[in-house]
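Residues per chain are reported as follows:
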Amino acid sequence: NRVKMPPKGKGTKRKSTGSNPSTPNKRGRERSTKSNRNDGKKIKIIAPTVSEILNDELTKLAFENWAPSLENDAKKPKFNPKLVEQIYFRDLKKSNSDRIMLLEVGQYLENYLWKNWTDDASFAHLMSILLLVNEKFRENVNAWECFHGREEEFSEFFEKVLSLKEDYELSFAERTSHILFLINTFQSLEDKMVRDECLKLVSIHLWRKVNPILVEKEIGGNKKLTRFWKKTLESAEESEDEPLEHFYLYNLIQDFFTVVESVGEEDQVDKDLVRYCERFAEWMIDLLSQLPTRRFFRLLFESSGFVTRCKGSNLAQRNEGILFNQLLDMLRFYQNFEVDDITGRELNEEEVDAKECSKIKDLQRVLFTNFPNMKELAFSSVSTFQEPSKFRNKLKDFTEEELKTLAKHLGLFSEENNGENPTSDELLKDRIVETFQKRLSQLHAVNEMALYPTEGLLWNDNAIPTASYEGESSLALPKLNLQFLTFYDYLLRNYDLYRLESAYQIRSDVEDSVRRMAPRKEVKSATQAGKGETVITRFGGWSKMALLLQDFSITNVADPKLGESKPSKVEAEAVINLSQCKGGIRREWESIKQHDVVFLVTVRATKFEGEEQMDVETSIRDQIGVKYVRGASVREIVDEEGHIIKDSETERTSKSHGNVRKLRLNLDTAQYRQDLEEEEDVYGTFNLLIRRKSKENNFKAVLETIRDLMNSESVLPDWLRDIFLGYGDPNSGSKEREDCTLNFNDTFLSGSHFIETHPHSQLEFFDANGKEISKKEAEELSPPFRVEFENLEDSKQKLKLRPYLPSIPGPYPHNIPRKNSVPFTVAQLEAIERGMFEGLTMVVGPPGTGKTDVAVQMISNWYHSFPEQRILIVTHSNQALNQIFEKIMHLDIDERHLLRLGHGQESLETEKDFSKFGRVNHMLARRLDLLNSVDRLAKSLGILDDVAYTCETAESFWMAHILPKINEFRRKMKEERNQNSIDVLAALFPFTKFFADAPQPLLRGKKLEEDMRKVEGCLIYISNLFVELKECRAFELLRSSYDRSNYLLTKQARIVAMTVTHASLKRSELISLGFKYDNLIMEEAAQILEIEAFIPMLLQEVNKKAGTRLKRVVLIGDHHQLPPVVKNIAFQKYSHLDQSLFTRFVRLGVPTVQLDSQGRARSSLAKLYNWRYKNLTDLPNTLSEEFKLANAGLKWDFQFVDVGDYDGKGETAPSPYFYQNLGEAEYVVALYMYMRLIGYPAKSIAILTTYNGQKNLIRDVFRARTGWTRFFGNPSRITTVDRYQGQQADYVLLSLVRTKAVGHLRDVRRLVVAMSRARLGLYVFGRHSLFDNCYELTRTFSQFKSRPNQLVLVQGEEFPSKRKLGDESNLSEVVVQDVIQMGNIIASLQQKIDEKIKRFDQEEMKNEEWRRLEVENKVQAQNDMVQMEDTAEMEMEAKIQHMEEQQEMEEQNHTD
């Protein structure tokens, strides 16, 4: 049933040995980028103009045959197979990226190719689908969506794909596309339709093509595997037809050998052949690096000698094969990876060594038995066989026949497959040597690796691809996909990628700083230099991130540690001068602190002043003249007078002096040792010191943390381990619920709220006394509640609701517990309930659905339900962390148990300081307040002794006086209570006088139960007073702020919050301090890199016997919004470094709870993005008056405003990917000015765009148009969509920028973020014809079609509007034709502007004076507080000293 060959002349004549390179399209504007290959040449990528796109024949064909607008058109032409062939052989076969992209954007795949696919489709039809799927993967859009619904046809289609090689003579370009398609399918194993087809290729049937000796060794004593193998052989014998997929990989590998070995030593190599080989090696790596595909494939791969044969090929020896060689090295690493292929269990060093020794024993046995003249070799040591050079020398004594015999006994050669085995002496020797050579330790290499990147790595395009990577080639980089072989594999891949991504960012910073410093060559005459004429480097520019080095010297090189060759420590001193730095720039340099990383750079200018810049063919490094780059961490900073400048503000004792600063640095010891072998003294050449922004300069600490994890045994809970690596049951992360009773405190606002939110559950209700009540009675119950969960036989649960009377912790108003007021929805409560049980909980939170409220309530419930457990809160950003913290403070959680680590504390909207030092100061101040209360309590009881001297004396007072009085009171009340006497209660209560300052009367004397509760609250208040004092005692004994803060972190704080960055930076410190936690909640989890999400799970020491203490992990995020930020396109597109742990778990099928009601935006705005979620509805608050009113001065609440060319231009790109659109920038700023003129608050408006270039342009235009007056103010933000994720504004003005291609808005995740930032109004500016025709944007942009494409204003309307949304206005409407008309409208309001500015300036003057006074008062209050704390500290120290002296005197008297 083979498909017929296409006719000759249609592109099938090319032999398998080569193909012609495609001819580049010469239309349009060109931009150059550096090739990732080693030829050092530039490639040209063409960007056609808009008119060219619209006039292109493919665009016309799309409009005539498959455009979405033709879907219901009766005149739509029938499917034309000849058209598919014409397009393939004319446009697609040449692999022209512009043509493929044009067809893909035009929905050629969805609306024409797949919709009309049949089993007898042509070769062109099949290849066209492959190319379009590959293009979708390159663009990072969902490729399989259109295939779903026709799963059976997909299976037939996939079979046709597999038979391509057999049915057609493919060119190497077509072969490459074929392999790339297979790579993409095997990277999509989460899709069941795709997975079912892929896994057929890697079944146990592959072992039927492996030497039986190797199969027998692989099976070993595994009885289950033995039975499975026998059953497979039996079924194969009974089967008449051999399915294609059984031996597909085997046949493909053999065909590949034919190709790779066809390359000669010197003849020209076809570039398409090289790309095919690289892609094939990439696919092999993918198959070996995932357990489901590796399990049976690895043995076939190893038995084929793939790496050995390819390494011995001519291609691997030539310059064209450099990347191929790097891929082969990765293949060898994964071939020998330390994992049990069958069970997935990680093998330790001892097991690996035992496995290697067992192989050598087998070899020795073969030598002893079959080669009598080689007995000396048979008895040789293990090292003889493990060292390639030694073993190869021994093999020289073997004849060709003896080598074959040896290889046959080892399972490396068989007569039956002689044509498929290497037969030359050298290849056989290579196979045998490689089989037994000692495994190289990757971990040892990582430990010896320098953490700071050098110039060799920074400008190595093979290691760090250029920013213009378009997915056109393979890369020798690891990938992050669904599954990992072991934790070590996971950590190693992340380590490599994080290191390279950091190096890419450092390279960009170094290039920018050096360019700004403008290095120029200068000739120094003989009289100046004191010798012959020399050429030196002068810097004619300035950069705020770089300073000239005045001096640099190595100050200390410590001896190596035992067993190491590198120095144990290398210290240096760098001298800089800050005289040229003013204001904020100087403060930034002064703020460099201990452990910050700086870079020492040697720049040797390449051009004299006035000479032209080098041509684009020259590397950037050569253009700017960077010779060396070395990193160093700051140990301390010394000012001009020799004073050490301390790190933190709390330790600064005096102002630094002078302009000269000496930075005492720690250099990388491994790098220093390598540099000693250089001919030039690297450390004597530095002339520039470069710093980086602190937020972006944490790479070293993160790499050290990952390396530490690689050297330790990473232990996750058993319920999380398998699912983390990507195996096992996705439901295993959620532990089975047991019968239990949990405290939900104030989660439910009432009994009716509980009933409404559990419509499908079996419920029972009880009152506070345990008596069962009816549903109607339960509706009147009030919180707090406990819920009992009882498992039933049908896998359902019965829920029993019980209210309880909480104890009142005191008679004062501030003692009344703060309660939750959020009426949680069914989905929110499901998430909260899941989070109460042990295990993994995943919460998907669409925009505006209350993710933070859910997180805060979970934390509150944990706090009250598990008082012995500690909670760790982790977020991606400081803003999200502050939002959680601010809401926690409004719940019934004692603030002494709260602690926030890291920077960002100053942004908290509270005067309280929750940082470590802030909490220490709070505890010291709280101690004084508590001691004052104890003193007042003593006096109320008539005790005049100084019992409030210290916490210790207060504790003695509690034991000697208070506790006996409480016990006596309780005893007497038990005697008298039977008389139900309220008078007796009041008479016996001993602390009435102490509570004289509480609201009176203290006891009402009406109900005994009520007064008893009040009395119990008073006793709890007194008890808590002494409990807190006991906690404060540590702050008396510990004398330094550092020790006190660490005690607070490890002992007292029950809720600790930090960002993922802080967790990575401080992991080793936290572990050394003994930090512990039981529950982890991670917000913004979908925005956090894989490794940054993993590290917070391992911030505590693990007891190997008891296991990890971690009981609950809650991940809250939204994988439908933007992923983590990765700046290098290659690491993002090829290596998937931007994949978050949250997204991977979702792909694996881990159960999630999706919050399904949003309360952020108007219902009309929410429809722009709610189609991306399942059943996302609106909360009742969106029906409030605010959401019903129209936007003043604007007819519509959302609009797409079509912006044509401005001054004859649409999008421009001054540099690659730095897209700008002046027309849109002017239009956006004009609308902002209009909105401000009619009264909109500036802070309610955000201006967003999809590109950094446009962000900068809008800021420039904004300053030019509004800089002449402060009236317009500043919008809440002018930033990119990516940066604005997680934030919101009432009104959003969005610029889409692009006019030639849709760009990265095609990523639906970015679209969702862009559409969901606005609450009340969204106005999108862009090229309508471009975005309206994009398949991925259809669901959103179809709604914009209901509104005109031109901005419609309502003149004469002021903010806020009284007009209802949707009502017709009595005022005149103006349809704005373009930005020119919008500018005229602004100009017509000039008089109105002048009047408003006068009033505004008068108000601003008053406000500025008021703000100045407020700041002065605040500073004075802070100074008073500091003085009070210092006084209290001195008094406490004096008292302690007095006590110590008194104790010494007593001891002396006792001794005497």
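Our subject is the structure that appears above.
Below or above, wherever it landed, is the structure these notes cover. (Residues numbered from 1 in each chain as written. Predicted model: local features only at pLDDT ≥ 70, side-chain atom pairs only at ≥ 80, totals over all residues. Heavy atoms only, no water.)

Assigned secondary structure in the chain consists of 56 helices and 33 strands. Expected size for 1456 residues packed as a compact globule is a radius of gyration near 35 Å; at 37 Å, the chain falls within 12% of this value. With respect to the principal axes defined by its C-alpha atoms, the chain has extents near 110 × 95 × 95 Å. Counting all 1456 residues of the chain, 53% fall into the buried class. Relative to all contacts within the chain whose residues are 6 or more apart in sequence, the contacts with residues 24 or more apart total 77%. When the accessible surface of the chain is split by element, carbon and sulfur atoms take 48% of a total near 67,000 Å². Here the chain carries 203 positive and 224 negative side-chain charges, and the mean point of each set is 2 Å from the other. (Helix = DSSP H or I, 4+ residues; strand = E, 2+ residues; numbered from the N terminus. Rg over C-alpha atoms; globule rule 2.2 N^0.38 Å. Buried < 20%, exposed > 50% of the residue type's maximum accessible area, 1.4 Å probe, protein only. Contact = heavy atoms within 4.5 Å. Areas by Shrake-Rupley, 256 points an atom, 1.4 Å probe, with all protein chains shown as cover. Lys, Arg positive; Asp, Glu negative; His and termini not counted. Charge placed at Lys NZ, Arg CZ, Asp CG, Glu CD.)

What follows is about the environment of proline 809. The topology assignment puts proline 809 in the loop between strand E17 (797-803) and helix H36 (826-836). With residues near it in sequence (within four places) discarded, proline 809 still touches Asn815, Gly1017, Ile1020, Tyr1021 and Asn1024.

Before going further, it helps to spend a moment on the sheet that holds strand E27 (residues 1198-1202). Spatially, the five strands line up as an open sheet ordered E27-E31-E30-E28-E29, and their pairing is parallel. What marks the edges here is a single partner per strand, and that holds for E27 and strand E29 (1277-1280). Put simply, the sheet's adjacent strands are angled 20 degrees from each other on average, direction ignored. Contacts from helix H51 (residues 1252-1266) reach strand E28 (1245-1249), E29 and strand E30 (1289-1295) within the one sheet, and its direction differs from that of E29 by about 160 degrees. (Pairing = 2+ DSSP bridges. Axes fitted to C-alpha atoms, helices over the stretch in contact; angles between N-to-C directions.)

On to the packing of helix H37 (residues 851-865) against helix H38 (residues 878-888), then. Contact geometry for H37 and H38: axes closest at 10 Å, N-to-C directions at 55 degrees. In terms of their interaxial angle, H37 and H38 are classed as oblique. In the packing of H37 onto H38, the handedness of the crossing is right-handed. Residues Thr852, Asp853, Val856 and Ile859 of H37 touch H38, and the partners they reach there are Gln883, Ile884, Lys887 and Ile888. Looking at the contact of H37 with H38, its residues break down into four nonpolar, two polar and two charged. (Parallel < 35°, antiparallel > 145°, perpendicular 65-115°, else oblique. Left-handed = near helix turned anticlockwise from the far one by under 90°. Nonpolar A, V, L, I, M, F, W, Y, C, P; charged D, E, K, R; others polar.)

Before going further, it helps to spend a moment on the state of the cysteines. As enumerated under the stated definition, the model contains zero disulfides in all. Sulfur of cysteine 146: no disulfide; nearest cysteine sulfur belongs to cysteine 1334 and is 14 Å away. (Disulfide = S-S within 2.5 Å.)

Now for unusual backbone geometry. The omega torsion of the bond from glutamine 1000 to proline 1001 falls at -5 degrees, within 30 degrees of zero and hence cis. Mapped onto the elements of the fold, proline 1001 is located in the loop between helix H41 (982-988) and helix H42 (1008-1037). A positive phi angle is found at aspartate 1207, which is not glycine, with a value near 55 degrees. Structurally, the position occupied by aspartate 1207 is in the loop between E27 and helix H50 (1222-1237).

Turning next to helix H33 (residues 718-725). Here H33 has its buried residues at Trp719, Leu720, Ile723, Phe724 and Leu725. Check the buried side of H33 and you find it contacts helix H27 (487-517), strand E18 (839-844), helix H45 (1090-1094), strand E23 (1112-1117) and helix H47 (1141-1148). Once H33 finishes, glycine 726 follows within two positions and takes phi at roughly 100 degrees, a positive value.

Summed over all chains, the structure comprises 83 aromatic pairs. Between tryptophan 114 and tryptophan 117, the aromatic rings sit 6.4 Å apart at their centres with planes inclined by 15 degrees, giving stacked as the arrangement. Exposure class is identical for tryptophan 114 and tryptophan 117. Each is buried. Ring-pair connections join several aromatic residues into one group, and the members of that group are Phe172, Phe186, Phe256, Phe257, Tyr276, Phe280, Trp283, Phe297, Phe301, Phe306 and Phe324. (Phe/Tyr/Trp six-rings, centres within 6.5 Å; stacked < 30°, edge-to-face > 60°.)

This paragraph deals with the sheet that holds strand E21 (residues 1055-1059). Read across the sheet, seven strands follow the order E20-E21-E19-E22-E23-E18-E24 without closing on themselves; strand pairing throughout is parallel. Strands with a single pairing partner mark the edges of an open sheet, and in this sheet they are strand E20 (898-900) and strand E24 (1153-1154). Bridge analysis of E20 against E21 gives three bridges, and the strand direction is parallel. Bridge pairing in E21 places leucine 898 opposite isoleucine 1055.

Moving on, we get to the pattern of salt bridges. Taken as a whole and assessed by the stated rule, the structure comprises 93 salt bridges. Between lysine 93 and glutamate 174 there is a salt bridge, and its shortest N-O distance comes to 3.7 Å. Of this pair, lysine 93 sits in the loop between helix H3 (81-92) and helix H4 (97-105) while glutamate 174 sits in helix H9 (residues 172-186), and the two are 81 residues apart along the sequence. Of the residues examined, lysine 93 reaches a relative accessible area of 6% and is grouped as buried. Residue glutamate 282 is joined to lysine 479 by a salt bridge in which the shortest nitrogen-to-oxygen separation is 2.6 Å. Of the two residues, glutamate 282 is situated in helix H14 (residues 271-288) and lysine 479 in the loop between helix H26 (455-458) and H27; the sequence distance between them amounts to 197 residues. For the pair glutamate 282 and lysine 479, a shared accessibility class is recorded, and that class is buried. Within the structure, one salt-bridge network assembled from shared partners comprises Glu218, Arg294, Arg298, Glu302 and Asp341. (Salt bridge = Lys/Arg side-chain N within 4 Å of Asp/Glu carboxyl O.)

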